[in-house]
Amino acid sequence: MTTTSAQTAAGDEKAGGTTPGDTPVVAFDQVGKTYGDGKVRAVDGLTLRLHPGETVALLGPNGAGKSTTLDLLLGLKQPDSGTVRVFGTGPREAIVAGRVGAMLQSGGLMDGVTVGELVRLACELHPKPYRTQDVLARAGISQIAGRKVDKLSGGQAQRVRFALATAGDSDLIVLDEPTTGMDVSARQSFWATMREQADQGRTVLFATHYLEEADAIADRVLVLHRGRLLADGTAAEIKARAGARRISFDLTDLTALTEPSGPESPVDEAALRGLPHLNSIEISGSTVRIQSADADATVHALYGLGVYPRNLEVAGLGLEQAFVAITAAEEAKDSTAAEEASQS
């Protein structure tokens, strides 16, 4: 995995199961977008490709450029540099043709109308509409079709937005934090519906803060940081890139770890924190959790301290821990570069 233009494009073709001659669903080529007279760079030289049938998660910390990237894709903002193409045309042309459905956090729903009336309007305006009753059923909102839109809960409003995004036969569905406000049952139902959409050959791009959703749903994960593409691959590849592994174990008596003079163990907390290759360590009650860049060496040193852990587990990082590790490493690199620049 890498973020150079040529290698990213090649990786995307592999991830999408396409050949170089295929027209991508979405193509960003060295796209840049700044705000505040160029002082804030929201998107920085972004190059990527999305292909038919992919389900792609867009991840990044707050301020990473996710929302701006989606706005550029939908033609809501124009890039300062580079090009954005959707199905080989400009974003607005693709949307007018009915090829793109979008569910965004920004913008409210029309007040004073019922859910059914709003969804019916969306269907009537779509170039390739579905039946209103089918759209309501797919979004799980048939039972609230007669309710006024301004009387909905947060989760219900999200399902209405989803209905509007899927009111017609679109080839690309763009979702910005789609399950915010939904309960667990609604989230599971929502993603089951999105899997059906992808199985029918549609491309699904979603930004989310629920990293377990990205891990379970996405064929491909894109990690943005300060407008740059840090990582592009499957969830498994993103986890492997982080390098570190998780070590967890229990100690029968941790008194001596916080009170070095205790008689039952010569090992104190400082000794644990001094284990080699540690990225982080957390001690909670009798449980110790470690992230290590070399788990074998760390465990070997642990036994060398005379500690005999119980319930020892060594595993790869989850997507959330990998995401944090990757972005933290980039933050450290940016901080070092800024410090060097200030000293030069």
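These numbers come from a predicted model, not from an experiment. (Residues numbered from 1 in each chain as written. Predicted model: local features only at pLDDT ≥ 70, side-chain atom pairs only at ≥ 80, totals over all residues. Heavy atoms only, no water.)

1. Some thoughts on the pattern of salt bridges
A full pass over the atoms with the stated rule returns 12 salt bridges. For R49, the salt bridge goes to D29, with nearest N and O atoms at 2.7 Å. A residue pair is termed long-range when its members are at least 10 positions apart, and R49 in strand β2 (residues 40–50) and D29 in strand β1 (residues 26–35) qualify at 20 residues. On the accessibility criterion, R49 (18% relative accessible area) is buried. Relative accessible area serves as the criterion here: at 28%, D29 is assigned to the partly exposed category. (Salt bridge = Lys/Arg side-chain N within 4 Å of Asp/Glu carboxyl O. Helix = DSSP H or I, 4+ residues; strand = E, 2+ residues; numbered from the N terminus. Buried < 20%, exposed > 50% of the residue type's maximum accessible area, 1.4 Å probe, protein only.)

2. Let's talk about the sheet that holds β1
Ordered in space as β2-β1-β4, the 3 strands form an open sheet in which the pairing is antiparallel. Only two strands of the sheet have a single partner each, and these edge strands are β2 and β4 (81–86). Across the sheet, the mean angle from the axis of one strand to that of its neighbour is 25 degrees, orientation sign disregarded. Two strands pair when backbone bridges link them, and β1 and β2 are joined in this way by 7 bridges, in the antiparallel orientation. Of the residues in β2, the one forming a bridge with T34 is R41. (Pairing = 2+ DSSP bridges. Axes fitted to C-alpha atoms, helices over the stretch in contact; angles between N-to-C directions.)

3. Comments concerning the layout of surface pockets
Gaps left between atoms are located by rolling a probe of water-molecule size over the structure's atoms. Of the volumes computed, that of the largest pocket is approximately 710 Å³. When contributions to the lining of the largest pocket are tallied by element, the ones reaching two or more residues are α3 (91–96), β5 (100–103), α4 (115–125) and α6 (154–165). Split into classes, the residues belonging to the lining of the largest pocket amount to 18 nonpolar, 7 polar and 1 charged. (1 Å grid on protein atoms, 1.4 Å probe; cavity = no way out; pocket = protein on both sides within 12 Å on 5 of 7 lines; lining within 4 Å. Points joined across faces, edges and corners; volume = space filled by probe spheres on them. Nonpolar A, V, L, I, M, F, W, Y, C, P; charged D, E, K, R; others polar.)

4. Some details on the environment of T68
Looking at the secondary structure, you find T68 in helix α2 (residues 66–73). Expressed as a C-alpha distance, the spacing of T68 and G227, which sit 159 residues apart in the sequence, is 8.8 Å. For T68, the contacting residues outside a window of four places in its chain are K33, Y35, A42 and V43. A polar contact is formed between the side chain of T68 and the side chain of Y35, at a distance of 3.2 Å. (Contact = heavy atoms within 4.5 Å. Polar contact = N/O pair within 3.5 Å; in protein donor to acceptor, adjacent residues only side chain to side chain.)

5. Quick word on empty space enclosed by the protein
Summed over the entire model, instances satisfying the criterion amount to 1 cavity of 30 Å³ or more. Forming the walls of the largest cavity are V26, F28, L48, L50, L58, T69, L73, L205 and L222. Those elements giving two or more residues to the lining of the largest cavity turn out to be β1, β2 and α2. Its residues placed into classes, the lining of the largest cavity shows 8 nonpolar, 1 polar and no charged.

6. Looking at α2
With respect to burial, α2 is a largely interior element, 7 of its 8 residues being buried. Within α2, burial applies to K66, T68, T69, L70, D71, L72 and L73. Directly after α2, the chain includes G75, whose backbone phi takes a positive value near 75 degrees.

7. Observations regarding the sheet that holds strand β11 (residues 278–284)
The strands making up a sheet associate through hydrogen bonds between their backbones, and the pairing can be parallel or antiparallel. An order of β11-β12-β10-β13 is seen for the 4 strands of this open sheet, with the pairing classed as antiparallel. Either end of the sheet is taken by a strand with one partner, and the two such strands are β11 and β13 (310–316). Geometrically, the sheet is characterised by an average inter-axis angle of 10 degrees between neighbouring strands, direction not taken into account. The sheet contact formed by strand β10 (residues 245–250) and strand β12 (residues 287–292) spans 6 bridges and is antiparallel. Of the residues in β12, the one forming a bridge with I247 is I290. Relative to β10, helix α12 (residues 295–304) is tilted by about 25 degrees, and along the sheet it contacts β10, β11, β12 and β13.

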